[in-house]
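An overview of the molecular structure
What follows is the residue order along each chain.
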Amino acid sequence: MYTCNTFIKSLKNRIEIDSAIFNEKTRLVIVRFGDVSSKDTMIMDNILLKIEPIIRNIAVIYLVDLNIVNDFTQLYELYDPCSIMFFFRNKHIMVDLGTGNNNKINWTINNKNDLIQIVETVYRGVIKGKILIRCNRSFYKFIRFCYKI
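Here's what I pulled together on the structure shown here. (Residues numbered from 1 in each chain as written. Predicted model: local features only at pLDDT ≥ 70, side-chain atom pairs only at ≥ 80, totals over all residues. Heavy atoms only, no water.)

**Some remarks on helix α2 (residues 39–55)**
The end-to-end C-alpha distance of α2 is 24 Å, a good match for the 24 Å that 17 residues give at a rise of 1.5 Å each. Approximately 25° is the largest bend angle found in α2, and it occurs at L49, with the proline P53 only one to four residues beyond. Along α2, the residues that are buried comprise T41, M44, D45, I47, L48, I51 and I55. Residues of α2 that are buried sit in contact with β2 (28–34), β3 (59–65), β4 (82–88) and α3 (112–127). The N-terminus of α2 is capped by S38, whose side-chain oxygen sits 3.3 Å from the backbone nitrogen of D40. (Helix = DSSP H or I, 4+ residues; strand = E, 2+ residues; numbered from the N terminus. Expected span 1.5 Å × (residues − 1). Bend = angle between axes of the 7 residues up to and from the residue. Buried < 20%, exposed > 50% of the residue type's maximum accessible area, 1.4 Å probe, protein only. Contact = heavy atoms within 4.5 Å. Polar contact = N/O pair within 3.5 Å; in protein donor to acceptor, adjacent residues only side chain to side chain.)

Encoded structure:
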């Protein structure tokens with residue numbers, strides 16, 4: 001089975017995750033927590049792989065398999081098949097996408113341009129010193145359509 005883990009660094013334990021978040025001083029750290037056997041995670045990994053060369057100067061991406069590393073499951077409430085979280089200079093960055101959950105993106109983004117826009121918006125905000133970034137576009141209707149709320 002094809003996975004993107006060979007192209008984007010996978011973190012295998014809590015120490016690697018903590019050091020990846022702590023040691024990056026100039027770029028945004030994007031961590032994808034997920035179950036690698038999930039279809040949503042595979043789709044998200046594919047999108048992350050596509051945007052990695054584009055955002056390389058402003059962000060670094062890491063993948064974490066929750067079946068192997070479950071130390072952060074309760075801390076960050078990682079109960080979804082796939083979640084993306086942002087960190088900058090060892091701080092968790094919250095992103096307001098209009099969905100009510102500012103801690104993480106816990107749905108699949110199928111459009112790489114949407115994810116690039118989110119990453120660029122978050123980066124511009126953290127450079128200004130913000131830890132809660134409000135995205136210009138609301139994803140509430142997108143979530144509502146996908147999950148038929």
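**What to know about the nonpolar core**
The biggest cluster of nonpolar side chains holds 31 residues, and the ones touching the most others in it are L28, I30, F86, V119 and V122. At the level of secondary structure, the elements contributing two or more residues to this core comprise β2, α2, β3, β4, β5 (91–96) and α3. The element that contributes the greatest number of residues to this core is α3, accounting for seven residues. (Core = buried A, V, L, I, M, F, W, Y, C linked by side-chain atoms within 4.5 Å.)

**A word on the pattern of salt bridges**
In this structure the tally under the stated criterion is five salt bridges. Linking R14 and D18 is a salt bridge whose minimum nitrogen-to-oxygen distance equals 3.7 Å. Of this pair, R14 and D18 both sit in helix α1 (residues 14–23), four residues apart, which is roughly one turn of that helix. Among the ionic pairs, E24 bridges to R27, the shortest N-O distance being 3.4 Å. Overall, the relative accessible area of 13% leaves E24 in the buried class. With relative accessibility at 23%, the residue R27 sits in the partly exposed group. (Salt bridge = Lys/Arg side-chain N within 4 Å of Asp/Glu carboxyl O.)

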